[in-house]
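Descriptive structure summary
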Amino acid sequence: FFFSSRRRHTRFRNVTGVQTCALPILILDQITKAMIRPALQLHESLEVIPGFLDLTRVHNTGAAFGMLNTVDFPFKTVVLSLVALAALGGVAWYALTVPLADRLARIGIAGVLGGAIGNLIDRATAGYVLDFVDAYWNGWHFWAFNVADAAITVGVIFMILDILGLGRRTQSA
């Protein structure tokens, strides 16, 4: 708990930079969901790109990719919300340790945090996550998703790329 003033300042910058990047994702996610709610009824679709993309309102009461959607157990919403909060805490803690120079990781963390908070807001307030982007090809449908899901996915990809060393500047001797 005893950090030097410089270390506390660096941790503060780590967190505020990630928060600044996560906030627009959260706002965009909530705005798009607010637009879909009055526009489409549950399972109603609107064709956007024929044969490829529809807007279809789906309620995900489960976890990622609809896992546990058909499973019902007491306090399901509360349990899934607590799991999401724990995961958010872990990602936020990890964000404190990522150096400012690791930009891919920091962008990835921001995507994961912004998206996870957006979906947690849905789950806590409505009991489900509103998904609406329905991508498909020749009868094969990908899971419906939303802006938060896309941000989480891209964020994880960026974090993996950082782990693999892509985008890092070599340090001169």
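Residues numbered from 1 in each chain as written. Predicted model: local features only at pLDDT ≥ 70, side-chain atom pairs only at ≥ 80, totals over all residues. Heavy atoms only, no water.

This next bit is on the overall build of the protein chain. If you tally the helices and strands in the protein chain, you get 4 helices and 4 strands. Going residue by residue from the N terminus, the α and β elements of the protein chain occur as α-β-β-α-α-β-β-α. A total of 173 residues make up the protein chain; the buried ones form 31% of that total. When contacts within the protein chain are restricted to residue pairs at least 6 apart in sequence, those whose partners lie at least 24 apart make up 66%. As presented, the protein chain carries roughly 10900 Å² of accessible surface, and 70% of it is formed by carbon and sulfur atoms. (Helix = DSSP H or I, 4+ residues; strand = E, 2+ residues; numbered from the N terminus. Buried < 20%, exposed > 50% of the residue type's maximum accessible area, 1.4 Å probe, protein only. Contact = heavy atoms within 4.5 Å. Areas by Shrake-Rupley, 256 points an atom, 1.4 Å probe, with all protein chains shown as cover.)

This part takes up the sheet that holds strand 1 (residues 45-49). On the basis of which strands lie adjacent, the open sheet formed by 4 strands has the order 1-2-3-4 and antiparallel pairing. The sheet is open, and its two edges are formed by strand 1 and strand 4 (140-141), each paired on a single side. Relative to strand 2 (residues 53-60), strand 1 runs antiparallel, the two being bridged by 4 bridges. Across the sheet, the residue bridging to Glu47 is Asp54, located in strand 2. (Pairing = 2+ DSSP bridges.)

For Glu44, the position within the fold is in the loop between helix 1 (5-39) and strand 1. Placed 12 residues apart in sequence, Glu44 and Thr56 show a C-alpha to C-alpha distance of 5.6 Å. Setting aside its immediate chain neighbours within four residues, Glu44 contacts Ala39, Leu55, Thr56 and Arg57. Within the local environment of Glu44, its side chain forms a polar contact with the backbone nitrogen of Gln41, the two atoms lying 2.7 Å apart. (Polar contact = N/O pair within 3.5 Å; in protein donor to acceptor, adjacent residues only side chain to side chain.)

Here we come to the packing of helix 3 (residues 103-126) against helix 4 (residues 147-163). Put simply, helix 3 and helix 4 touch, their axes get as near as 7 Å, and they point 155 degrees apart. Between helix 3 and helix 4, the interaxial angle falls into the category roughly antiparallel. Relative to helix 4, helix 3 is oriented so that their crossing is left-handed. Here Leu104, Ala105, Ile107, Gly108, Ile109, Gly111, Val112, Gly115, Ala116 and Asn119 of helix 3 come into contact with helix 4, specifically with Ala148, Asp149, Ala151, Ile152, Gly155, Val156, Phe158, Met159, Leu161 and Asp162. Classifying every residue of the contact of helix 3 with helix 4 by side-chain character gives 13 nonpolar, 5 polar and 2 charged. (Axes fitted to C-alpha atoms, helices over the stretch in contact; angles between N-to-C directions. Parallel < 35°, antiparallel > 145°, perpendicular 65-115°, else oblique. Left-handed = near helix turned anticlockwise from the far one by under 90°. Nonpolar A, V, L, I, M, F, W, Y, C, P; charged D, E, K, R; others polar.)

Turning our eyes to something else, we now look at the side chain of Ser81. Following the sequence through the fold, Ser81 ends up in helix 2 (residues 76-97). When its relative accessible area of 10% is taken as the criterion, Ser81 is described as buried. The residues touching Ser81, leaving out its near neighbours within four places in the chain, are Leu120, Arg123 and Ala124.

The subject of this paragraph is the confidence of the model for the protein chain. Scored by pLDDT, the protein chain has a mean of 84; 81% of the residues are at 70 or more. Confidence drops under pLDDT 50 across residues 1-6; counting only partners more than four residues distant or on other chains, this segment forms 2 contacts. (pLDDT = per-residue confidence, 0-100.)

Right, let's talk about the packing of aromatic side chains for a bit. Using the criterion set out here, one finds 3 aromatic pairs in the structure. Taking the centre distance of 5.3 Å and the plane angle of 75 degrees together, the rings of Phe142 and Trp143 count as edge-to-face. For Phe142, a relative accessible area of 33% puts it in the partly exposed group. Arranged with centres 6.1 Å apart and planes meeting at 80 degrees, the rings of Phe142 and Phe145 form a pair that is edge-to-face. When its relative accessible area of 22% is taken as the criterion, Phe145 is described as partly exposed. One aromatic cluster is present, built from ring pairs that chain together Trp140, Phe142, Trp143 and Phe145. (Phe/Tyr/Trp six-rings, centres within 6.5 Å; stacked < 30°, edge-to-face > 60°.)

Turning our attention to the nonpolar core. What tends to happen in soluble globular proteins is that the nonpolar side chains get buried as a cluster. Core analysis: the largest hydrophobic core is formed by 12 residues, namely Ala22, Leu88, Val91, Ala95, Val98, Ala105, Ile109, Ala110, Val112, Leu113, Leu120 and Met159. Residue assignment for this core shows that the elements contributing at least two residues are helix 2 and helix 3. Ranked by residue count, the leading element in this core is helix 3, at 6 residues. (Core = buried A, V, L, I, M, F, W, Y, C linked by side-chain atoms within 4.5 Å.)

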